[in-house]
Amino acid sequence: MTSHEKGIYAEQLAARFLTNVQNMTVLEHRYLTYSGEVDLIVIDSQKILIAVEIKQRKTIDEARNAITLYQQKRIVKAMEIFLCRNPTIDYDGMRFDAILFNRDLSERLYMKNAWIPI
C-alpha cells in the first residue's frame, strides 16, 4: 500500500470512528477551497460543527507536530469559506479536532480542540 493509499485509508478509518463511536455526522470529506483542504467536516449531536485534521506519520508525536500553525490558519480560513457557501447549516459552535495515526495505523489518538484559532 502506498503512502497516499494509507492516507486515504486513515481518513476512512477516522470517518468511521467519528460516525460509529462518536455519533457524529460527516458533512464533507476532503473539502477543498483555494485556501486549503479540510479532511473532514462533521457535526455532533449538540450541533457543534467540527473541522477534523487527520495526520499519519511514523509516530503519534510526529503526526501531532505535523499540524503547523500555518496549516491551522489555512483550515480555519477553509471553514470560513465553507460557512459562507453553506449559510443554512444549523450549528451552535465550532471547534477544530485532530485524529492522529502512527505509520501502520495500529495506534490512533483523537484530540478534541486540537487547536483554538487566534
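As a reminder, the structure under discussion sits directly above these lines.
Residues numbered from 1 in each chain as written. Predicted model: local features only at pLDDT ≥ 70, side-chain atom pairs only at ≥ 80, totals over all residues. Heavy atoms only, no water.

Trainee: An account of the pattern of salt bridges is needed here, citing residue identities and associated values.
Mentor: Close approach of charged atoms allows side chains of opposite charge to pair. This structure, assessed with the given rule, holds eight salt bridges. Between Glu11 and Arg30 there is a salt bridge, and its shortest N-O distance comes to 2.9 Å. Of this pair, Glu11 sits in helix α1 (residues 3–21) while Arg30 sits in strand β1 (residues 25–32), and the two are 19 residues apart along the sequence. Among the salt bridges present, the one from Lys47 reaches Asp90, with a minimum N-O distance of 2.7 Å. Within this pair, whereas Lys47 is found in the loop between β2 (37–43) and β3 (48–56), its partner Asp90 is found in the loop between α3 (69–85) and β4 (93–101), the two being separated by 43 residues in sequence. The exposure class assigned to Lys47 is partly exposed, which follows from its relative accessible area of 31%. Salt bridges sharing common partners tie together Asp44, Arg95 and Asp97. (Salt bridge = Lys/Arg side-chain N within 4 Å of Asp/Glu carboxyl O. Helix = DSSP H or I, 4+ residues; strand = E, 2+ residues; numbered from the N terminus. Buried < 20%, exposed > 50% of the residue type's maximum accessible area, 1.4 Å probe, protein only.)

Trainee: Could you give an account of the packing of aromatic side chains, with specific residues and numbers?
Mentor: Within this structure, the stated rule accounts for three aromatic pairs. Aromatic side chains Phe17 and Tyr110 sit 5.5 Å apart centroid to centroid with 75° between the ring planes, which places their arrangement in the edge-to-face category. Of this pair, Phe17 sits in helix α1 while Tyr110 is found in strand β5 (residues 108–115), placing the two residues 93 residues apart along the sequence. There is no split in this pair, since Phe17 and Tyr110 are both buried. Judged by centre distance (5.3 Å) and plane angle (25°), the ring pair of Phe96 and Trp115 falls under stacked. (Phe/Tyr/Trp six-rings, centres within 6.5 Å; stacked < 30°, edge-to-face > 60°.)

Trainee: Got a sec to walk through the layout of surface pockets? Specific residues and values, please.
Mentor: Quantified by volume, the largest pocket comes out at close to 240 Å³. Elements with a contribution of two residues or more to the lining of the largest pocket: α1 and β3. For the lining of the largest pocket, the element with the most residues is α1, which contributes six residues. (1 Å grid on protein atoms, 1.4 Å probe; cavity = no way out; pocket = protein on both sides within 12 Å on 5 of 7 lines; lining within 4 Å. Points joined across faces, edges and corners; volume = space filled by probe spheres on them.)

Trainee: Give a description of the environment of Pro117 that names residues and reports values.
Mentor: Mapped onto the secondary structure, Pro117 falls in the segment after β5. Separated by 41 residues in sequence, Pro117 and Val76 have C-alpha atoms that sit 7.0 Å apart. Dropping the residues within four chain positions of it, Pro117 is found in contact with Val76 and Phe96. (Contact = heavy atoms within 4.5 Å.)

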